[in-house]
Protein chains: 4
Amino acid sequence: MAVRTAVAGASGYAGGEVLRLLAGHPQVEVGALTGNSNAGQRFGTLQPHLVPYADRVLEETTAELLRGHDVVFLALPHGQSATVAEQLGDETLVVDCGADFRLADAAAWERFYGTPHAGTWPYGLPELPGARAALRGTRRIAVPGCYPTAVSLALAPAYAAGLAEPEAVVVAATGTSGAGKALKPHLLGSEVMGSMSPYGVGGTHRHTPEMVQNLSAAAGRRVTVSFTPTLAPMPRGILATCSAKAAPGTTAEQVRAAYEKAYQDEPFVTLLPEGQWPATASVQGSNAVHLQVTRDPEADRIVVVSAVDNLTKGTAGGAVQSMNIALGLDEGLGLSTIGVAP
Amino acid sequence: MAVRTAVAGASGYAGGEVLRLLAGHPQVEVGALTGNSNAGQRFGTLQPHLVPYADRVLEETTAELLRGHDVVFLALPHGQSATVAEQLGDETLVVDCGADFRLADAAAWERFYGTPHAGTWPYGLPELPGARAALRGTRRIAVPGCYPTAVSLALAPAYAAGLAEPEAVVVAATGTSGAGKALKPHLLGSEVMGSMSPYGVGGTHRHTPEMVQNLSAAAGRRVTVSFTPTLAPMPRGILATCSAKAAPGTTAEQVRAAYEKAYQDEPFVTLLPEGQWPATASVQGSNAVHLQVTRDPEADRIVVVSAVDNLTKGTAGGAVQSMNIALGLDEGLGLSTIGVAP
Amino acid sequence: MAVRTAVAGASGYAGGEVLRLLAGHPQVEVGALTGNSNAGQRFGTLQPHLVPYADRVLEETTAELLRGHDVVFLALPHGQSATVAEQLGDETLVVDCGADFRLADAAAWERFYGTPHAGTWPYGLPELPGARAALRGTRRIAVPGCYPTAVSLALAPAYAAGLAEPEAVVVAATGTSGAGKALKPHLLGSEVMGSMSPYGVGGTHRHTPEMVQNLSAAAGRRVTVSFTPTLAPMPRGILATCSAKAAPGTTAEQVRAAYEKAYQDEPFVTLLPEGQWPATASVQGSNAVHLQVTRDPEADRIVVVSAVDNLTKGTAGGAVQSMNIALGLDEGLGLSTIGVAP
Amino acid sequence: MAVRTAVAGASGYAGGEVLRLLAGHPQVEVGALTGNSNAGQRFGTLQPHLVPYADRVLEETTAELLRGHDVVFLALPHGQSATVAEQLGDETLVVDCGADFRLADAAAWERFYGTPHAGTWPYGLPELPGARAALRGTRRIAVPGCYPTAVSLALAPAYAAGLAEPEAVVVAATGTSGAGKALKPHLLGSEVMGSMSPYGVGGTHRHTPEMVQNLSAAAGRRVTVSFTPTLAPMPRGILATCSAKAAPGTTAEQVRAAYEKAYQDEPFVTLLPEGQWPATASVQGSNAVHLQVTRDPEADRIVVVSAVDNLTKGTAGGAVQSMNIALGLDEGLGLSTIGVAP
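Given the structure is predicted, the values throughout are model-derived calculations rather than measurements.

Rules used throughout
- Residues numbered from 1 in each chain as written.
- Chains lettered and ligands numbered in written order.
- Predicted model: local features only at pLDDT ≥ 70, side-chain atom pairs only at ≥ 80, totals over all residues.
- Heavy atoms only, no water.
- Pairing = 2+ DSSP bridges.
- Helix = DSSP H or I, 4+ residues; strand = E, 2+ residues; numbered from the N terminus.
- Contact = heavy atoms within 4.5 Å.
- Axes fitted to C-alpha atoms, helices over the stretch in contact; angles between N-to-C directions.
- Least-squares fit on C-alpha atoms with pLDDT ≥ 70 in both.
- Domains from an automatic or database assignment.
- Buried area = accessible area lost by both parts, 1.4 Å probe.
- Salt bridge = Lys/Arg side-chain N within 4 Å of Asp/Glu carboxyl O.
- Polar contact = N/O pair within 3.5 Å; in protein donor to acceptor, adjacent residues only side chain to side chain.

Thoughts on the sheet that holds strand 12 (residues 289-296) of chain D
All names here are of chain D.
Line of reasoning, step 1. If you trace the 7 strands from one edge of the open sheet to the other, you get 8-9-7-10-13-12-11, paired in mixed fashion. Two strands close off the open sheet at either side, each with one partner strand: strand 8 (197-198) and strand 11 (269-271).
Line of reasoning, step 2. Inspection of the sheet shows strand 11 paired to strand 12 by 3 bridges, in the parallel sense. Residue pairing for strand 12: valine 269 is matched across the bridge by valine 289.
Line of reasoning, step 3. In the packing of helix 7 (residues 146-160) onto the sheet, the strands contacted are strand 7 (164-174), strand 9 (224-231), strand 10 (238-246), strand 12 and strand 13 (301-308), and the crossing angle to strand 7 comes to about 150°.

A word on the relation of the copies chain D and chain A
Line of reasoning, step 1. Under the fitted operation, chain D is carried onto chain A by 0.0 Å of movement along the axis and a turn of 180°, and the coordinates agree to an RMSD of 0.0 Å. As the rotation angle and translation indicate, the two copies are arranged about a two-fold axis.
Line of reasoning, step 2. When the interface residues of chain D are mapped onto chain A, 100% of them again fall at the interface, so both copies present the same face.

A few points about the domain arrangement of chain A
Residue and element names in this part refer to chain A.
Line of reasoning, step 1. Assigned domains within chain A: domain 1 (3-143 + 314-327) and domain 2 (147-308).
Line of reasoning, step 2. Centre-to-centre separation of domain 1 and domain 2, based on C-alpha positions: 24 Å.
Line of reasoning, step 3. Counting residues at the interface gives 24 residues for domain 1 and 24 residues for domain 2.
Line of reasoning, step 4. Between domain 1 and domain 2, a total of about 2000 Å² is buried, with carbon and sulfur atoms accounting for 54% of that surface.
Line of reasoning, step 5. Of all residues in domain 1, Tyr13, Phe112 and Glu127 give up the largest surface area on contact with domain 2, accounting jointly for 30% of the area buried on that side.
Line of reasoning, step 6. For the pair domain 1 and domain 2, the interface holds 3 salt bridges.
Line of reasoning, step 7. Residue arginine 132 pairs with glutamate 266 through a salt bridge whose shortest N-O separation is 2.7 Å.
Line of reasoning, step 8. Taken together, domain 1 and domain 2 are joined by 12 residue pairs in polar contact (both at pLDDT 80 or more).
Line of reasoning, step 9. Of all elements in the fold, only helix 1 (13-22), helix 5 (106-113) and helix 11 (312-327) reach the threshold of two or more residues within the side of domain 1 that touches domain 2.

Digging into the interface of chain C and chain B
Line of reasoning, step 1. Contacts between the two partners involve 44 residues from chain C, matched on the other side by 44 residues from chain B.
Line of reasoning, step 2. When residues of chain C are sorted by the area they lose upon contact with chain B, C:Met196, C:Pro198 and C:Glu298 head the list and together hold 15% of the total.
Line of reasoning, step 3. Between C:Lys245 and B:Glu167 there is a salt bridge, and its shortest N-O distance comes to 2.3 Å.
Line of reasoning, step 4. Here chain C and chain B share 10 residue pairs in polar contact (both at pLDDT 80 or more) between them.
Line of reasoning, step 5. Of all the secondary-structure elements, those providing two or more residues to the side of chain C that touches chain B are strand 7 (164-174), helix 8 (189-192), strand 8 (197-198), strand 9 (224-231), strand 10 (238-246), strand 12 (289-296) and strand 13 (301-308) of chain C.

Laid out in C-alpha cells, this is it:
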C-alpha cells in the first residue's frame, strides 16, 4: 500500500525537489501540496517542470490539511516548522527540511537564529556514525543543511580516525538555488552570472554551528570551523573545499584508508580514484556525494573536496533517503546516484 | 527477462545520456559499452556522473561485441552507423542516434552530408502522424535530430491542419552539448559563457532537410524552412521559435484547437495554458516537450515556441521511447516528464 | 571646458552604464546622480563596480537638481521622462534612455504603452539614414530601444536598397540586464541560468512598433515585423536573427554590396568578412555592432544576424554617441569598438 | 612621441587583453602582433572583439620582428620567454606575462616547472612593499601570476603587520580564461557551465611557490600556503578566500587598520566599507582589486576575500601598470577602476 505524503512549502525550490523525487518513488503517493503566499495558484504556473502536478492547485498550509498523510515534508522558512509539527501526532512522520530541529546546543541555536530553541530530532545524514540507527522507526527527522551535508561527509572520517587537528577551514561554493526563491537584488541573474562572491563570512553563517556539532561528534572533542560560503554562477551544486592540519605523524596512506573504510558500504558516497577530483555537474539532480582527499606535504594539511547537489543530497534527497530508513523501505528508493550531466 | 542493451559511442554526450536513461529503465540490462578513441579507459574517468558504470572499461566498437545484445544504440559520428548496422542481423534492434537513416531524399542526403545515401529507417518521433505505427515491431530505428524534434513537433499540427503557408522560419537556440564533445575553440567555456552566436546560417545546417521532410509530410506539399541555429550559454536545451504566415482566414481559435487535438493524448507533449511560454530549464533531463502557440495579428503569422532537452527528448529519450514502442513495452519506461529545475 | 552632465536613474543598469562611459569621456564631468527608491544610499553600495563614484550619495530626482547641467541623461521607467523633461529648458540637452519620445505614431504609442503620447524627439541611432543630421545641435534626444537598435541596423540596408519584401521575421536573444533590476521571480539567477525562454510573443513586445517605424522609413512603405524576444542566460548582449523574403531577382552579391555600402564609413558598425558570424561576447561593453548577412537560396530569404551590447550600443553607448553628435564633439569620445572578451 | 609596443602571443587570452588595454592607452602605439600556431591568419578571425586590429595578420614570433619596439609584451607558454628575451637588448623593455622570471628560488622553480631556472626580474605587483621602486626604470618585468596577485594583496598587509600566523589557507575560484585557450575536454563549455571543480589540489599548483615567496617576504619569515584553486562557470574573475590564524592578541580593529593603511594611497585597490564583500563582476575588465577583511572570533582567524579580473589586474592590467611605472608614465594610463557590470 502506498505511503501517502504531503509537502508543505511546495512552491519553493526545496519543496519542488522533494516532489520531483517523490514522483519517481515507487511506493509513494503524493497528497496535499501546500504553501502560503502562492496558495490558490495553479501548480503548473509555480513549478512548470513538475508536469504531473501541473493541474493541481496549491492549498494554504494548515495542520488539518496535512494530517492524515503518512509522511509530511516541511519545506518552510526557518522557525515555522515547530508550530506545524506540534499539531501533527506521532502517526505522521514529519520530515523537516528547515533548521529548527538540527542543533542540540540551545545557546548556539539562539545566537544564530534568534528564536527560542525548539528541540532536536534524529538527524537525516545517514552516513554519519550512528545516524542511520537513530533514523530507523523515528517519527521525526531533521534534514541537515546543504553545506553541513557536504562538509560533514568530507571531514568526519578524518576526525573520526584521529587524523586531523580540531581547527577546520572550509570554503564552499553554492549554486543560487541554495538561497531560495527570495526576491533579493543580489540573486538576480544579471548579478550572479559571471560573478563569484562570498557572504556570511567570519563565522556568521547559520550552518556553522551545525558543522561544528557534526565534526565535534566525530572527533570526540570540540572542533572549530572557519567557514566561508560563496555564491557561484550556477543554479545547483555545492563544492566544499575542506582542510585541517594533519595530526602529527599522519601519512597520506592512513588518510586514504580512513576514507575508504568510512564509505566503502555507503551507496551514495563515492570516494573517487586517486587523482580524480569531483565536479558538481557530476552529481546534479542525484543523491550522490563525490569526494576526493589528499595530504599537502608542504602545508601539512589534509585537504578534502566534496561535491553534492544542494537541492538533492543537500536537502530533498537526504530527506527522502532518511524517510526510507525511518519507514523501513529500501534506502535508495526514488533516488539515483547518476547526475544529469553535462 | 531483461532486455539486453549495448551502447556504441558511450563516451560521448549522446551515448552517456542513453546510459543515464537505461540505468533507470526497469526492464533493461546494460551490456557492452564501446567507443573508439577512448577505448581502454575506465568509464568513471570518461563519464564521472554515471556512477553505476564507473568501474567498467570502455571497449573498442566491433560488431562481434555488439552482437548478442537485444538492442544496440549507436551514438556514433554521422556516416559510421551504416557499416556497423549492416553487420548486425534482424535479431538485434538497432537504434541509430546518428543521421544516417533519417532522410528519404537521397539527393538531399548527399548534398548535406557528402556521402552515399544509406537508406531510410522508421523514424523515432512517435508524436508525428503515422510514426508510432511504423515503430511497432521494427528492428531498425532512425532517431531524429535534436532540432528536427523540437521544430517538427512545433509546426506539424499547423501544417497538418492546413493553417499555415508553406514557408516556415525557424530560429533555435541550443545548449552546447548539441555540438558534442569535440575539441573546437568556439566550444570552450571561455567562448560560450556570456555569449550567443549563430552558425550554419542560410540553409546550410544539416538538420534543415530533415525538417523539410517532416513538415512537408504533415502539410502534404513542399514546405521550405529558413533555419538559423544559435549556440546559447547553457549545457542543454533547445528553444525553437517557429513561425509561418497564417493561411487565409485562419483564426487564433482554430490554431489552438489544432494543437490541443494533436497533443491531447501524447504523454510527453504539453501544450501550456494560454499565456504561459516554455523555458528549457523546465524540461532539462526529461523527455518532455513544452509548447505554446499564438497568432500575431499584425504580422499575420502563427508563432510556436517549443522547448526540449536536446540530449533527452532530442536524442536519447526519443531513442528509448522508440525502443519501448518497437519492443512492445510501455512507452514511458525509463522516461520522465519532470525536468531537473531550477 | 568640461561638459557638465547629470544622470537621473543612476542606480539602475542603464544609468550605471551611462556613468561607466562618462567616466572615460575626456570632455565630460559628472554632476548629480539621482534616483528614487534608493535615494540617500551610498553609491558604492548600489553600483560597486563604479569605483570613482563610490563615496557619493544618490540624491532624489528633482528638476531643481538636474537643472544647471549641460546634459541630463534620463534612465527612468517608461512614462516618467516627459514630466522631468518639460521642467528642463533648452539650455539643457536632455537624452532620454526611455521610450517616451521614440514613436511618431501616437496610436501605436498608446496601444503599446497605455499612456498619452508625449511627442517625438530626434532619434539617437546615427547610423540610420538621416538620423545623424537630425541629431546635430538638437537639445532633445530619444535613445532607441535595445532591440530596435540591433534589428534596425540589421535590416535597414536591405529595405533601403529595395532588396527585401516588407514582412520581416525577427527572433532575438537578450541578456538579462535588458529586463532591468526589477525583482521578478523569472529574473532570478536560479531561473535564468541554464535556460532560454521567450516573452512578449505574437507582436506584443513594446519594441515592435519602433522596429516597424524604422524599417518602414527605410523601405519607403509599411513593413511588418514578427518579433519574438527571448531571454538568454547571460548578463548582457543581444543577438538578433532577422530575415525577410528576398525581393524578386535579388542576388547574394547585391545584398552584400548594399550592406558594404551602408556601413563602410560607420565607425561602430562592422560587417564581418563573409563566413564569419557575430557573437555577443565580441561586443560586450563596447559600442560596436557586428553584422553578417547571407541569402538562403532554398528559402529565398535574406538572413541578417546582428550583435550588440544591449546596455552599451543598445542604450548608454548610443546615448553618449548621440550626445557627442548633438554637442559637435568627436562622435567616438568615451566609446570603444573593442569588446571585453572572453 | 608614442611608445611603440609589440605583443608576442597576441592570439591568446592574455595577449588579447594586453591589446585591449593598449588600444585605450593614450601614449602607446601598437606594432607587431605575433604568434606561432596561428601565424598567417587574419587577426579579426582570431580575436573578433579587437576590431581596430581586425585587418592585421598575425606574424610568426621572431626576435627580429620584436626588436625595434620600445616595449615587448610576452604572452607565451611558460618556459618560452627566456629564449626570446635574451635576444632583445636593454633598449627594449620586456614585460613577461609568463612565469619564467617570477621566482627567486631556483629549486622551487625546477620542482614546479621542470625546467632550468632562468633568473628573476623585478616583480610587476606595484602594491607590494618595495615593488614600485624596483619597477622604476627597469628594462625587464616579471608580471605576477593571476592567483598570486589576488592572494598576495589579500594577505600581505596582515603578514607585514605581524597579525597572522605563518600558515595561510587559500581557496580561490577562477574564471575559465585563466586556463587559456587550450583545447582540453574539461574546458569545454558543456563541462564548465553549471559546474564547479577543483584542480591542482594539495600544494601542486604552480602558483603556490609564488604566493609563498610574496607572503614570506611580507612576513619576514617562511609562510606556508595551502592553496586550492577551483574552476568556476564564468569566463573571467578570481575570488580568493584567504585566511590565517590570528597572531595572539590581535583585534579586529588592528586588522582593519593594517589594511586601511596598506591601501589608502593605492589607486587600484579598494578596501570595501565594513560589511560589503567583493564580487568578481564588479572588477570585470578593470584593473581594480576589491578587498574585504574580517576576524572570525570563534575560529580565531583573519579572513580576507579579494576579487580581481584574472586577465586584467591579474595579467594584462598589471603588465600595463608596471610598464607605465617603468617608463615613468602616469601609472593609471590605459587602465580603469571601473568594472563592466552587470
